Amino acid sequence: MQSTLTSKQLGVLIKNKLSRHYGISAEEADRKQMYKTCARAVVEILSDKRTRYYQKLKDQEKKKVYYLCMEFLVGRSLKNNLYNLGLEKEFREVLKEWNFDLEELYEDEPDAGLGNGGLGRLASCFMDSLATMEYPAMGYSICYEYGLFKQKIVDGWQMELPDIWLPGGDVWLNQRNDLAFRVKFNGHVEEIWTNDGLKTNYTDYDEVEAVPYDMMISGANSEGVAILRLWRARDVDKFDMKSFAKGDYNRAMNEKMNAELICKVLYPSDNHFEGKTLRLRQQYFLVSASIQNIISDHLQQFGTLDNFSEKIAIHINDTHPALCIPELMRILLDDYHYSWENAYNMVISTVSYTNHTVLSEALETWPEELIKQQFPRIYGIIQGMNESYCQEMWNRYPGEWGKIERMAIISHGQIRMANLCVIGSSSVNGVSKLHSDILKSQVFSDFYQASSEKFTNVTNGFAHRRWICQANPRLTRLLDDCIGEEYKKDGRKLADFKRYSDNRSILRQLRDIKLANKIDFSNLMDQKGVSIDPHSIFDVQAKRLHEYKRQLLNVLKIISLYLDLKDDPNLVMPPQTFLFAAKAAPGYYMAKEVIRLIWHLSADIEKDPVLREKIRVVFLENYCVTMAEALMPAAEISEQISLAGKEASGTGNMKMMANGALTIGTMDGANVEIFEAVGNENMFIFGMSAEDVERKWAEGYEASSYYHNKEKIHRVVESLRRGFNGESFDSIYRYLIVGDFGVGDPYMCLADFEDYLKVHQQLLDVYLDQHKWNQMSLFNIAGAERFAADRSIMDYARNIWNITPLH
Ligand code: 26M
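Remember, it's a predicted structure, so these values are computed and weren't measured experimentally.

Thresholds applied
Residues numbered from 1 in each chain as written. Predicted model: local features only at pLDDT ≥ 70, side-chain atom pairs only at ≥ 80, totals over all residues. Axes fitted to C-alpha atoms, helices over the stretch in contact; angles between N-to-C directions. Helix = DSSP H or I, 4+ residues; strand = E, 2+ residues; numbered from the N terminus. Parallel < 35°, antiparallel > 145°, perpendicular 65-115°, else oblique. Contact = placed C-beta atoms within 7 Å. Nonpolar A, V, L, I, M, F, W, Y, C, P; charged D, E, K, R; others polar. pLDDT = per-residue confidence, 0-100. Pairing = 2+ DSSP bridges. Domains from an automatic or database assignment. Near = placed C-beta within 6 Å. Left-handed = near helix turned anticlockwise from the far one by under 90°. UniProt positions renumbered as here; feature names shortened; annotations may be inferred.

**Side note on the packing of helix H6 (residues 118–132) against helix H34 (residues 789–801)**
Then, number 1: Between H6 and H34, the least distance of the axes is 9 Å, while the angle of their chain directions is 75°. The orientation of H6 relative to H34 falls into the category roughly perpendicular. Residues Cys-125, Phe-126, Asp-128, Ser-129, Leu-130 and Thr-132 of H6 touch H34, and the partners they reach there are Ala-789, Asp-790 and Ile-793.
Then, number 2: Looking at side-chain class alone, the contact of H6 with H34 contains 5 nonpolar, 2 polar and 2 charged residues.

And the structure:
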């Protein structure tokens, strides 16, 4: 149901808000004031809609899912909500009367960047689907005061600046003081015998108040509104009056600072674990507040917890919220006096877990001592779970110590969060077919043998209404004309677009649309002082910077072309622009070196008037959701070149294909399923498979032998030592050839290099055949049908959460 609000009513709503908040008329308002006012008007419309929806939800007493995630990469909200409410036209009209341009107002909204990359963006795409399809659901996360840092590049070096999003982003948040909970840290636990048996007594703890800030997310063309509940930490009035009276203001305020530190900033590492105490406190803070909230809501509705797991599913997105398992145990045991066995069964049947990475450096393991010191009661429960699980395995696999040790939650003084998740939940899934297979055969093979029924796959998806309909209106109009609008509700219908694969007029329109989007993007970059030729091929690699994603392999390819052109400036080559967008974790040396290499290579090429006619390299600063929304529709080549077996799924790959880009990539993550969807003839696959990679490691991989024996590789690697734009990249040369501990090139760039070059050349040849290229592009758009997040969510709902939409 779209909102039925006339332009006139809307005008009144906006005028009232302007007068209430600023005491001004619409004619007097500036753009920032008008943006905030429109946002407030949307919030009011959403609140009414939510009230109706929540009544329906309550009446139907359906099972609900709670999605716990340390990150939600929301991006902007105004456009998304107006689109989903079906009110864009009305807003545009009203604003025009006062000489405001809605598109310009959109630009005034800061991104809510409460996430690092794929994991957080996936969570946000899922909220859109949950709301649209009217599943009873709620998301929980932390309201970081600073989201992911803003990136600036100075002379090739990445600089990190704080992301100040709340002034401007705060209009979307509704503070709910009435729903605050207290989270306890530190202190001591004693066990005491009472008449009712053994009791635990928790004393000397510190308390922090968790206050929810709700963000409403409208479903598209539906009655649904999803709530993303973001917790902020507030000091529990511990103001030290004594110190204050003595004039020691710092000490008087001290406690407050500590509490509020918890939600100060998002940790900026992606796929890399660092055992920082504050991060652990953030995780427990999220988990404890959310579980208390879930339990209190459930009790309010049903008056008992006996039906808890029938009515509630709790999903943990990666291991970061894993402590919700012992936290739920704790409450069931200590506050509601369930037996250990009953509590254990209730927890397992409620919780499900998604794994997002197989990288060993990303696996969370926390020192036992730290957990014990921070949350002594939780520690005791983890110990109990560990003992009972090991006992069970001991009975099943007597004498198999090695196996039991691998499956234990606690080992060598470390608590392994992934094992806790697998043991404490009823479902474990990977995020693409290949990734889920690797979980079963490698990462969790012991668990898979013991409880194969727990393991399943749910391939990722993306919010196609956001990433096609909103981001690419030109393509959307063409799709609407060709296949009708049904695909907006049912992504599967995108497949109907295949019918137009021989229609020359449609294929030409596809090319025109791409060019127009490229021109838009070039103009946008022009405003930022970056000049891009919209008539060159847009070859895009946009994702977090990580060794396994192999931005370096892409650079080596570009250097190879660069050297070819230096050797023969008359070489015929269609003009290409290589666009990179990536943030590196601030402490990640090699990632920052790769950014520096890209930057200096770019500067080097810019200085050569002949070269830059053919190849240009552009590093796009500060990649974020809003930039991605402009970039995806303009991309022609999608670089998905991770070392096979390492990228759990990828989701940028899906967004680019849906916008008509062709993929050059390895058989990794969801690329494998893209390949199934479009076939070999519509994709450029190269390099080793995950199995080849395993075999190569087993045989012994020597990067230096590639360097010494392959001429093209030698030439490219040598050029790193000579350097670009006057800067040597000996660090990268050493990384590739010498290695830190004797392992050079740990992500096998050199092993895949020649095949990559060859396939890139094939791609350029195809590009010259415009008809063929457009046809391939069309097959990719149609093939994206299976990657709608709606489909992922239906998979979760049916196979894992056991929930159904409201009716
Ligand atoms: C861990 C500890 C401390 C601070 C941060 C982290 C951390 C944060 C994010 C670790 C991993 C994080 O994200 C992992 C991630 O984004 N994985 C990606 O998930 C996507 C969605 O499933 C997949 O498409 C990508 O392949 C996968 O890399």
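Having seen it, we continue.
**Things to note about the confidence of the model for the protein**
Then, number 1: Here the protein averages 97 in pLDDT, and 99% of its residues register 70 or above.
Then, number 2: With a pTM of 0.98, the predicted complex shows an ipTM of 0.98.

**Observations regarding the sheet that holds strand S17 (residues 414–416)**
Then, number 1: With antiparallel pairing, 3 strands are arranged side by side in an open sheet as S15-S17-S16. Each edge of the open sheet is held by one strand with a lone partner, namely strand S15 (365–367) and strand S16 (410–411).
Then, number 2: Relative to S17, S16 is paired through 2 bridges, and the arrangement is antiparallel. When the sheet's bridge partners are listed, Ile-410 is paired in S17 with Ile-415.

**Structural notes on the domain arrangement of the protein**
Then, number 1: Parsing the protein into structural domains produces domain 1 (61–76 + 111–460 + 794–801) and domain 2 (471–698 + 756–787).
Then, number 2: Relative placement of domain 1 and domain 2: their C-alpha centres are 35 Å apart.
Then, number 3: Of all the elements in the fold, those that place two or more residues in the side of domain 1 that touches domain 2 are strand S2 (72–75), H6, strand S5 (150–154), strand S6 (157–161) and helix H18 (433–443).
Then, number 4: Split into classes, the residues belonging to the side of domain 1 that touches domain 2 amount to 12 nonpolar, 19 polar and 8 charged.

**Quick look at the site of the ligand**
Then, number 1: Taken together, 23 residues lie near the ligand, and Gly-118, Leu-119, Tyr-267, Ala-648 and Ser-649 sit nearest.
Then, number 2: In terms of residues, the shell around the ligand owes the most to one element, H6, which gives 3 residues.
Then, number 3: For the shell around the ligand, the per-class residue count stands at 7 nonpolar, 12 polar and 4 charged.

**With respect to the environment of Val-672**
Then, number 1: When you line up the elements, Val-672 lands in helix H27 (residues 671–678).
Then, number 2: For Val-672 and Lys-15, which are 657 residues apart along the polypeptide, the C-alpha to C-alpha distance reads 53 Å.
Then, number 3: Excluding anything up to four places from it in sequence, Val-672 contacts Ser-432, Lys-433, Leu-434 and Met-667.

**A closer look at the sheet that holds strand S25 (residues 684–685)**
Then, number 1: Read across the open sheet, the 6 strands follow the order S22-S21-S20-S23-S24-S25; overall the sheet is parallel. Sheet topology places strand S22 (615–620) and S25 at the edges, where each strand pairs with a single neighbour.
Then, number 2: Direction of pairing for strand S21 (residues 576–581) relative to S22: parallel, over a ladder of 6 bridges. Following the sheet pairing, Phe-578 is matched in S22 by Val-617.

**A look at the packing of helix H23 (residues 551–567) against helix H24 (residues 589–606)**
Then, number 1: At a minimum axis distance of 10 Å, the contact between H23 and H24 shows a crossing angle of 20°. The angle between H23 and H24 places the two elements in the roughly parallel class. When you trace H23 past H24, the crossing you get is left-handed. Across from Gln-551, Leu-552, Val-555, Ile-558, Ile-559 and Tyr-562 in H23, the residues of H24 making contact are Val-594, Leu-597, Ile-598, Leu-601 and Ile-605.

**Topic: the UniProt feature "modified residue: N6-(pyridoxal phosphate)lysine" (unreviewed entry) in the protein**
Then, number 1: Per the UniProt entry, the sites bearing "modified residue: N6-(pyridoxal phosphate)lysine" (unreviewed entry) are Lys-655 in this numbering.
Then, number 2: Relative to the helices and strands, Lys-655 resides in helix H26 (residues 652–658).
Then, number 3: With near-sequence residues (within four places) excluded, Lys-655 lies in contact with Phe-462, Trp-467 and Met-632.

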